[in-house]
Amino acid sequence: MAEAVTSIAQPYDFRVDVAQDDIDFMGHVNNASYLKWVQAAVISHWQHLAPVEAVAQHLWVALKHEITYRRPAFLDDDVVATVLLEKVQGARAFYETVIRRGGEVLAEVKSSWCCVDAETLKPARVAKDVIDRFFVKGE
């Protein structure tokens with residue numbers, strides 16, 4: 001009897017530069033900046049793991065973000081966004097991004113994205129061999 005092989009998402013760490021324009025009237029990072037960070041982290045993840053040809057042929061458009069804020073971030077904090085591709089269905093991809101300062105979780109983000117053809121801007125499926133680059137085989 002063959003053993004089941006599972007795929008495990010490869011985590012991708014994206015360093016976040018907390019800038020002065022991220023700070024709001026309360027002295028901490030404005031909630032909108034987290035969204036900007038998630039977009040940058042997911043796109044960087046795609047560009048880092050996908051082959052150059054796939055990056056040139058496909059663009060990603062955010063469809064939905066659900067953000068749970070846990071703790072505030074401040075200017076000059078050392079912040080990292082860890083991105084995991086949960087699954088791909090057709091032209092849609094589902095991500096989880098956890099934003100941390102050291103061991104503290106600042107925010108957790110669930111997001112869905114649509115892959116579009118770079119020329120036609122119509123939804124496009126990503127080839128299985130490209131998707132496989134985002135996962136490692138486990139047992």
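Look above for the structure.
Computed from a predicted model, the values in this text were never measured in an experiment. (Residues numbered from 1 in each chain as written. Predicted model: local features only at pLDDT ≥ 70, side-chain atom pairs only at ≥ 80, totals over all residues. Heavy atoms only, no water.)

> Run through empty space enclosed by the protein, naming residues and quoting values.
Which parts of space are left empty comes out when a probe the size of a water molecule is rolled across the atoms. Using the criterion set out here, one finds one cavity of 30 Å³ or more in the structure. The space that makes up the largest cavity amounts to roughly 50 Å³. Looking at the largest cavity, the residues that line it are Trp46, Trp60, Leu85, Val88, Ala93, Tyr95, Val126, Val130, Ile131 and Phe134. Looking at the lining of the largest cavity, the elements that each hand over two or more residues are strand S4 (78-89), strand S5 (92-101) and helix H3 (128-131). Within the lining of the largest cavity, the residues separate by chemical class into ten nonpolar, no polar and no charged. (1 Å grid on protein atoms, 1.4 Å probe; cavity = no way out; pocket = protein on both sides within 12 Å on 5 of 7 lines; lining within 4 Å. Points joined across faces, edges and corners; volume = space filled by probe spheres on them. Helix = DSSP H or I, 4+ residues; strand = E, 2+ residues; numbered from the N terminus. Nonpolar A, V, L, I, M, F, W, Y, C, P; charged D, E, K, R; others polar.)

> So what about the pattern of salt bridges? Which residues, and what values?
Throughout the structure, instances matching the rule amount to eight salt bridges. Between aspartate 22 and lysine 36 there is a salt bridge, and its shortest N-O distance comes to 2.7 Å. Here aspartate 22, found in the loop between strand S2 (12-17) and helix H1 (31-49), pairs with lysine 36, found in helix H1; they are 14 residues apart in sequence, far enough to count as distant. What makes aspartate 22 buried here is its relative accessible area of 1%. Between arginine 101 and glutamate 104 there is a salt bridge whose closest N-O contact spans 2.9 Å. What makes arginine 101 buried here is its relative accessible area of 16%. The network of salt bridges with common partners includes Arg71, Asp77, Arg101 and Glu104. (Salt bridge = Lys/Arg side-chain N within 4 Å of Asp/Glu carboxyl O. Buried < 20%, exposed > 50% of the residue type's maximum accessible area, 1.4 Å probe, protein only.)

> With reference to specific residues and values, describe the sheet that holds S4.
By definition, the strands of a sheet pair up through backbone hydrogen bonds, in either a parallel or an antiparallel sense. What the five strands build is an open sheet, ordered S2-S4-S5-S6-S3; its pairing is antiparallel. Every interior strand has two partners, whereas the edge strands, S2 and strand S3 (58-69), have only one. Between one strand axis and the next, the sheet turns through 30 degrees on average, direction left out of account. When S2 meets S4, the two strands line up antiparallel, connected through six bridges. Paired with phenylalanine 14 across the two strands is alanine 81, which belongs to S4. On top of the sheet, H1 reaches S2, S3, S4, S5 and strand S6 (104-117); it is set at about 135 degrees to S2, its chief contact. (Pairing = 2+ DSSP bridges. Axes fitted to C-alpha atoms, helices over the stretch in contact; angles between N-to-C directions. Contact = heavy atoms within 4.5 Å.)

> Just give me the short version of the pairing of S6, but keep the residues and values in it.
Bridge count between S3 and S6: eleven bridges; the pairing is antiparallel. Bridge pairing links glutamate 66 to lysine 110 in S6.

> With reference to specific residues and values, describe unusual backbone geometry.
We note that aspartate 76 has phi near 70 degrees; this positive angle belongs to a residue other than glycine. Residue placement: aspartate 76 occurs in the loop between S3 and S4. Accessibility expressed as a relative area gives 66% for aspartate 76, which makes it exposed. In the Ramachandran plot, leucine 121 falls in the positive-phi region, its phi being about 60 degrees despite a non-glycine side chain. Turning to its location among the elements, leucine 121 is positioned in the loop between S6 and H3. You can call leucine 121 exposed: its relative accessible area is 56%.

Everything listed here is a matter of coordinates, which is why it stays silent on function.
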